[in-house]
Amino acid sequence: MTENQIIGSRQEYWHSLAHEDVLRALRTEPGGLADSEVRVRMAQYGPNRLTPPKCRSPLQRLLMQFHNILLYVMLGAAAITAFLHHWVDTGVLLAAVVINAIIGFIQEGKAEAALDAIRAMLSPHATVIRAGSRREIDATDLVPGDLVFLVSGDRVPADLRLVSVKDLRVEEAALTGESMPVEKSIDTVSADAPLGDRYDMAYSGTLVVYGQATGVVVATGAATELGKINEMLTGIQSLTTPLLRQIDRFGRVLALAILGMSAATFVLGTMWRDHEPAEMFMMVVALAASAIPEGLPAIMTVTLALGVQRMARRRAIIRHLPAVEALGSVTVICSDKTGTLTRNEMTVQRVVCGGHVFDVGGVGYAPVGDFSIDGRIIDTEHYPALAMAIRAGVLCNDARLRQEDNSWHVEGDPTEGALLVLGGKTRFWQHAGETAWPRLDSIPFESQHRFMATHHRDSDGDSWFFVKGAPERILDMCSFQLSRDGEHPVDVDTWRRMATDTAAQGLRLLALACKRATPEGERLSLSDLEDGYTLLALVGIIDLPRKEAIRAVAECHHAGIRVKMITGDHAETARAIGAQLAIGVGKPAITGAEVALMDDAALRRVAMEVDVFARASPEHKLRLVQALQAHGQVVAMTGDGVNDAPALKCADVGVAMGMKGTEAAKEAADMVLADDNFATIASAVREGRAVYDNLKKFILFMLPTNGGEALVVIAAILFELALPLTPAQVLWINMVTSSTLGLALAFEPAEHGIMNRRPRPPGEALLSGFFVWRVLMVSVLMMTGALGLFLWELEIGTSIETARTMAVNAVVVAEMFYLVNSRYILASVVNLEGLTGNRYILLAIAACIPLQLAYTHTPMMQSIFDSTDLSLLEWAKVLGAGLLVFCVAELEKFVIRQTRLASRLAPHEQ
Ligand code: ATP
């Protein structure tokens, strides 16, 4: 039988075979598959991914663009104009419909492409053993026969037959609906066991909530159990957010109101002013087309997608689009410490051991540095207690120290790496490793219990347990201490004092202990960890704050955002590091144990006051989020472990770590930090505010430009003036400007002072009183420019065609000028940055100019739209009308800035 046949025929029965047989059948060696074999299997079985849900085809997407109330109106109008033989109007209407649909199609495509790129960044990883070494690969590159490591927080990347397990518990809700985690083992189960009872298997898509395991891949992609029910687990939700839905509704209500108003104008015009029904009908269609902000939802979506793309470039990957809005109104950021606020580059600086305090020299991971006592360099060989402590640190350790091109790297946990480097700085390093004292079993470090333990056999065949972890935790297990002259009963008070002194210098603490014993078997059990240990040393590790985090915390404080640090570290360490970052200065730090003693009301009282929470566990994070939210705060919370998921889900913006975070945390989060860096959260908040600003700016641009055109027409009807714009001309303006100019605002970068404002209150209505004023003022201004010029020209005897051509150009030019005004809501744009800072604005204007020139000067356009050539003087007047809008709009901003009016605006609008 070929291997392919084996895999095919046994697919259903892997759980009933002993794991050795499975490995044999899949020809998997203990060192995993060779790279050449991986290539062969990849060609045979394909990548390990599920077929994505069917996307809409481009044609379907294009057709969907016509599903829009305005386009229905315009198509209906085109049919009626064709019936009335107004062929030019029919043509213009149809062209406007097609152009609108195409622009919508392109914009939507752009938004989807932006999100697709981000989806790809969220692809899960898997840790495998291939060709004898451990590697991190994309989960899509797994093939049957691969050996995969699982640790708590992992999403199982393919169907695995377990080969070794250590307290493995897996939550299989994705597959079986059962939300209680299932304990796994490697013992074979019967062939007819249902999916939920196959304890020796880990299925793709399920979640490791505890423990560790190794398994061999037996099925990938569509062949997995999950593939059979084909359910996509991750991905970004649809292109919408609460605000966009609100705008969409607003747009629809506005459209209906405009249609109602148009109908009223039609009735008024025909009955009261005795206009021709056919002529009035065309006017009303033009009016509706100009007033309905049809580009609104599409451009809003693009603005949002571009914001998400910009955030991704700054290494903040958005998983749920509503988070972009929430980010702009965040009032509290609760952040982990290690690796997020600090560099996570650990160096041991102090070892308290055998009655001495050793200071350790050297920086980074290079194992070079001296040991000194009271400033005097010493030879480590004379300190046997130190040798034993180093041994404990090196053995009770899962990290690897590697030299590459003259620089040293740590693979694994940097805290453990620091202990290897410490060992490397002594001479007994060579004898300390696992070759001399092989490891029989281990209990890995988990933040909940804050220690790690290993079981070894020495060269005489004796058994040893080593533990390392938070001093309080380790002291509880210790009965003795190793002093200069051998073992003595442990002096807990002295060690506690030492720990507090060391932590107060901002050093992270680890205690090391050992116990010699005759265990029952090789496995470590919790009863082996109860007492009888000998305390060997207390280690102080420095982990400096990130420079950019210090700046980012200051920026957040400026922006009215509180920063709280929630850490597993010792309270004194946390306070000292907090002080370096300007977090919680002069305020007490409280510990998880204290939080546990408080009821919700008490926690609510301290939640706002305290900024440093030490020795905190995931459940404290959840309670803290709830307490802060009860104060009306908008909370961003970071997390990385599987147990952080509830707090991340509950927070307004859950933030997961991309590098050290588990899949479980990433899936629960709204945003993933690709670089685990606090500064990235601050820049995402900045971008979040910018996106919201751009949405506002677009509305402030779109509504008055549409309103201005509509007012020109309405005023002409009301005051019985000659129509300054013909229906076809109104449609032309709409076609040229409505979706093109405004789109440029989606590319607007964040304003300089954006992080000096207060956070925006969540749920605040977009259209504040100030907004309504601005929309009305600019609408009237636009109308004054165009209508005024038109009437003035008629007054001085210019032909109606020329006056209309000037009115059309005045509207378009005024929109171009106002687009520049709209870059800043209140700040002046009369400076180099303001006028030229966004090249998309300049490009959009540059694209409109030739269209207007063609409209005015080409015979073809003149015959379609009844336009005429303009003289230089007439063009100058048109520019004058545009400038009028520009200057008055700037003047209004100036007055608002200068007068007390500004202080009446909400703080976040200033
Ligand atoms: P945060 O990232 O939330 O700021 P942290 O990373 O400092 O917190 P943990 O990793 O949970 O918090 O560590 C808490 C404590 O557990 C540390 O102060 C240290 O004493 C101990 N500890 C950390 N890493 C290990 C490890 N690999 N082995 C044993 N003990 C450890």
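Residues numbered from 1 in each chain as written. Predicted model: local features only at pLDDT ≥ 70, side-chain atom pairs only at ≥ 80, totals over all residues. Heavy atoms only, no water.

Under the defined criterion, the tally for this structure stands at 36 salt bridges. When the shortest N-O distance is used, the salt bridge between D21 and R24 registers 3.0 Å. A residue pair is termed a helical-turn pair when its members lie 3 or 4 positions apart in one helix, as D21 and R24 do in helix α2 (residues 19–25) at three residues. For R24, a relative accessible area of 59% puts it in the exposed group. Salt bridges sharing partners connect three or more residues here, namely R562, K564, K587 and D611. (Salt bridge = Lys/Arg side-chain N within 4 Å of Asp/Glu carboxyl O. Helix = DSSP H or I, 4+ residues; strand = E, 2+ residues; numbered from the N terminus. Buried < 20%, exposed > 50% of the residue type's maximum accessible area, 1.4 Å probe, protein only.)

So, about the nonpolar core. In terms of nonpolar packing, the biggest core is built from 147 residues, with I333, M671, F678 and W732 touching the most fellow members. No other element matches the 23 residues that helix α25 (residues 678–718) contributes to this core. If near-sequence neighbours (up to four positions away) are discounted, M671 is found in contact with A316, I317, I318, R319, L327, G654, V655, A656, I681 and A684. One finds V394, V421, L422 and W437 within the second-largest nonpolar core, a separate group that totals 39 residues. (Core = buried A, V, L, I, M, F, W, Y, C linked by side-chain atoms within 4.5 Å. Contact = heavy atoms within 4.5 Å.)

For the rest of this paragraph, the subject is the domain arrangement of the chain. Accessible area lost during the coming together of the parts is what is often quoted as the interface size. Taken domain by domain, the chain consists of domain 1 (3–52 + 118–235), domain 2 (58–111), domain 3 (242–310 + 687–749 + 770–903), domain 4 (316–340 + 547–676) and domain 5 (350–540). For domain 2 and domain 5, the distance between their C-alpha centroids amounts to 74 Å. (Domains from an automatic or database assignment.)

Moving on, we come to the side chain of K515. Turning to its location among the elements, K515 is positioned in strand β21 (residues 508–517). Within the buried core, K515 has no salt-bridge partner, and the shortest N-O distance to an opposite charge, that of D531, equals 4.7 Å. Within polar-contact distance, the side chain of K515 engages the backbone oxygen of D531 at 2.8 Å. Those residues in contact with K515 that lie beyond four places of it in its chain are S463, W464, F465, D528, D531, G532 and Y533. (Lys, Arg positive; Asp, Glu negative; His and termini not counted. Polar contact = N/O pair within 3.5 Å; in protein donor to acceptor, adjacent residues only side chain to side chain.)

With that settled, the discussion passes to a nonpolar patch on the surface. A cluster of nonpolar side chains, namely V267, L268, M271, W272, L718 and F719, defines an oily patch on the protein surface of about 660 Å² accessible area. Broken down by element, the residue count for the nonpolar patch peaks at four residues, all from helix α9 (residues 242–272). Structurally, the position occupied by F719 is in the loop between α25 and α26 (727–743). Of the residues examined, F719 reaches a relative accessible area of 57% and is grouped as exposed. (Patch = residues over 30% accessible without salt bridge, like charges linked within 9 Å, V, L, I, M, F, W, Y side chains within 5 Å. Areas by Shrake-Rupley, 256 points an atom, 1.4 Å probe, with all protein chains shown as cover.)

Below, the discussion takes up the environment of S779. Inspection of the secondary structure assignment puts S779 in helix α27 (residues 769–795). Under the relative-accessibility criterion, S779 is labelled buried at 5%. For the pair formed by S779 and P704, sequence separation is 75 residues and the distance between their alpha carbons is 4.5 Å. If sequence neighbours within four positions are ignored, S779 has contacts with L703, P704, G707, G708 and L711.

Here the focus is the site of the ligand. Taken together, 21 residues form the shell around the ligand, and within it K337, T338, R508, L509 and D569 come nearest. Within the side chain of T567, one N or O atom sits 3.1 Å away from an oxygen atom of the ligand. In the model, an oxygen atom of the ligand is placed 3.1 Å from a nitrogen or oxygen of the G568 main chain. For the shell around the ligand, the elements supplying multiple residues, two or more each, are β18 (463–469) and β21. Split by residue class, the shell around the ligand holds six nonpolar, five polar and ten charged. Shared between two domains, the shell around the ligand takes at least three residues from each, and those domains are domain 4 (316–340 + 547–676) and domain 5 (350–540). (Near = heavy atom within 4 Å. Nonpolar A, V, L, I, M, F, W, Y, C, P; charged D, E, K, R; others polar.)

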